[in-house]
Amino acid sequence: MDLQVLKFFSVIAAEGSFLGASQKLGYAQSNLSTKIKQLETELGAELFHRTKQGVTLTEKGAVLLEYADKILRLTSEARSSIAEGDNISASLHIGAMESAAITFLPNILTKFHFAEPSVQMTVETYVSRTAAQKVCDYELDGAFVAGGVLHPALEHTTVFHEKLVLLARPAKNEPHDLEHLLSMPLLVLPTGCSYRQTLESLLVEKNILPNRIVEFRSLGALLASISAGLGISLFPASVVGCFSGGQALEQYEIPEKYRNIPVHFIWRKKSNRNLTLEKFRLLIKEMKINR
């Protein structure tokens with residue numbers, strides 16, 4: 001299986017058409033079509049559904065795309081590691097929880113940019129479990145995750161311990177004991193969020209069944225909904241100051257056993273020769289972030 005053909009295949013899938021891919025790659029459309037047909041013959045499977053509007057992946061094509069992206073990323077990583085030598089001029093693809101992206105991460109990224117201005121940085125936000133899986137799958141170089149979202153294929157360093165609090169709309173004449181708060185609708189990020197997992201564990205211990213769970217994809221929308229009175233959630237206390245100066249949210253203590261959660265930076269065990277990533281990890285260690 002030729003690497004160039006895999007790249008062609010990946011770009012065609014992303015563009016949704018042979019024409020778009022040919023324009024992006026600077027390669028004749030007829031040649032691309034021939035290459036893909038040869039690949040389909042080699043694999044014994046049709047990779048694209050072809051229509052007048054463009055192309056979409058078949059089920060087998062979707063499977064191949066996952067492997068193709070991993071192979072192309074590994075190839076790029078290998079070339080970068082060999083070419084770098086003692087210099088740093090590659091890219092860095094980092095994942096993080098959305099709460100991290102609005103609290104401590106900007107300071108880290110700024111310091112790293114000034115130290116290594118030639119590095120092309122990309123940051124994407126995910127819940128912890130998804131970020132960990134993407135690091136395992138070579139889709140991220142490393143990621144900031146919370147809790148015990150670790151994996152045998154990963155190494156990690158603990159960055160700090162985050163204090164968790166229940167967040168709710170500022171109470172007026174409403175009761176605000178823990179049991180009452182936990183009986184309110186729960187506003188959470190998708191499954192795989194360590195904060196959501198901690199909140200669910202607390203509910204199990206208290207033998208409380210939530211009357212409603214509202215799932216959000218955006219931390220900003222979730223916090224705004226708490227301040228509007230829709231329900232409560234569990235997050236690091238540090239996010240409060242990033243939302244309307246913290247004035248629209250009230251913090252409530254939770255039992256000590258759930259109060260602190262470790263935040264880790266994770267990376268693949270076999271990526272130790274990635275000098276760009278190594279310098280990023282060293283910066284994190286030197287900063288000694290306190291929360």
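Preceding this section is the structure that the text describes.
Residues numbered from 1 in each chain as written. Predicted model: local features only at pLDDT ≥ 70, side-chain atom pairs only at ≥ 80, totals over all residues. Heavy atoms only, no water.

Q: Can you help me understand the pairing of strand S2 (residues 54–57) in this one?
A: On a regular strand, each side chain points to the face opposite its neighbour's, so the side chains alternate between the two faces of the sheet. Of the strand pairs in this sheet, strand S1 (residues 48–51) and S2 are connected by four bridges, and their pairing is antiparallel. Looking at the pairing, Thr51 lines up with Gly54 of S2. Following S1, the chain reverses through two residues before pairing antiparallel with S2. (Pairing = 2+ DSSP bridges. Helix = DSSP H or I, 4+ residues; strand = E, 2+ residues; numbered from the N terminus.)

Q: Looking at this model, I keep getting lost on the packing of aromatic side chains. Mind explaining?
A: Here the distance between the centres and the angle between the planes together describe a pair of aromatic rings. Inspection of every chain in the model, using the stated rule, returns 11 aromatic pairs. Connected via pairs of aromatic rings, a cluster forms that spans Phe104, Phe112, Phe144, Phe160, Phe265, Trp267 and Phe280. For Lys70, the ring lying beneath its charged end belongs to Tyr67, and the centroid distance is 5.8 Å. Here the basic side chain of Arg281 rests over the ring of Trp267, its NZ or CZ set 4.0 Å away from the ring centre. (Phe/Tyr/Trp six-rings, centres within 6.5 Å; stacked < 30°, edge-to-face > 60°. Lys NZ or Arg CZ within 6 Å of the ring centre and 35° of its normal.)

Q: How do you make sense of a nonpolar patch on the surface when you look at a structure like this?
A: On the surface, a cluster of nonpolar side chains totalling about 350 Å² of accessible area is made up of Leu3, Val63, Tyr67 and Ile71. It is helix H4 (residues 59–84) that provides the largest number of residues to the nonpolar patch, a total of three residues. One can find Leu3 in helix H1 (residues 3–15). (Patch = residues over 30% accessible without salt bridge, like charges linked within 9 Å, V, L, I, M, F, W, Y side chains within 5 Å. Areas by Shrake-Rupley, 256 points an atom, 1.4 Å probe, with all protein chains shown as cover. Salt bridge = Lys/Arg side-chain N within 4 Å of Asp/Glu carboxyl O.)

Q: Honestly, the environment of Arg259 in this entry has me stumped. Any pointers?
A: Relative to the helices and strands, Arg259 resides in helix H11 (residues 256–259). Each C-alpha atom, one on Arg259 and one on Ala21, is 51 Å from the other, the two residues being 238 residues apart in sequence.

Q: I'm lost on the pairing of strand S3 (residues 91–96) in this one. Help?
A: In terms of burial, S3 is largely enclosed, as five of its six residues are buried. As paired elements, S3 and strand S4 (residues 120–125) share six bridges and run parallel to each other. Counted as the bridge partner of Ile94 is Val123 from S4. With three bridges joining them, S3 and strand S5 (residues 142–146) adopt parallel strand pairing. (Buried < 20%, exposed > 50% of the residue type's maximum accessible area, 1.4 Å probe, protein only.)

Q: What should I look at first to understand the nonpolar core in this one?
A: Proteins that are soluble and globular tend to have nonpolar side chains buried together. If you look at the biggest cluster of nonpolar residues, it comprises 60 residues, and the most contacted ones within it are Phe144, Leu166 and Phe280. For this core, the element with the highest residue contribution is strand S6 (residues 154–168), accounting for seven residues. When sequence neighbours within four positions are dropped, the list of residues in contact with Leu166 reads Leu178, Leu181, Leu182, Leu199, Ile232, Ser233, Leu234, Glu250, Gln251, Tyr252 and Ile254. One finds Leu6, Phe9, Ala21 and Ala68 within the second-largest nonpolar core, a separate group that totals 17 residues. (Core = buried A, V, L, I, M, F, W, Y, C linked by side-chain atoms within 4.5 Å. Contact = heavy atoms within 4.5 Å.)

Q: Explain helix H3 (residues 29–43) here, please?
A: Since the α-helix turns once every 3.6 residues, residues separated by three or four places project in the same direction. The end-to-end C-alpha separation of H3 is 21 Å, in line with the 21 Å expected for 15 residues at 1.5 Å each. Among the residues making up H3, those that are buried are Leu32, Ser33, Ile36, Leu39 and Glu40. All buried residues of H3 project into a common sector of 125 degrees when viewed along the axis, lining one side. Seen from the buried face of H3, the exposed residues on the opposite side, beyond 90 degrees, are Ser30 and Thr41. (Expected span 1.5 Å × (residues − 1). Arc of directions from axis to C-beta.)

Q: Would you explain helix H2 (residues 18–25) in this entry?
A: The complete set of buried residues in H2 reads Phe18, Gly20, Ala21 and Ser22. Contacts from the buried residues of H2 go to H1, H3, S1 and S2. One or two steps after H2, the chain reaches Gly26, where phi turns positive at roughly 70 degrees.

Q: Just checking my understanding: could you explain the environment of Ser201 for this structure?
A: With respect to the helices and strands, Ser201 occurs in helix H9 (residues 194–205). Considered as a pair, Ser201 and Thr56 are 145 residues apart in the sequence and their alpha carbons are 42 Å apart.

Q: I would appreciate a short explanation of the packing of H2 against H3 in the present structure.
A: H3 packs onto H2 with a crossing angle of 110 degrees between their chain directions and a minimal axis gap of 9 Å. One way to sum up the angle between H2 and H3 is to call them roughly perpendicular. For the pair H2 and H3, the sense of crossing is right-handed. Each of Phe18, Leu19, Ala21, Ser22 and Leu25 in H2 lies in contact with H3, whose residues at this interface are Gln29, Leu32, Ser33 and Ile36. Residues of the contact of H2 with H3, tallied by class, amount to six nonpolar, three polar and no charged. (Axes fitted to C-alpha atoms, helices over the stretch in contact; angles between N-to-C directions. Parallel < 35°, antiparallel > 145°, perpendicular 65-115°, else oblique. Left-handed = near helix turned anticlockwise from the far one by under 90°. Nonpolar A, V, L, I, M, F, W, Y, C, P; charged D, E, K, R; others polar.)

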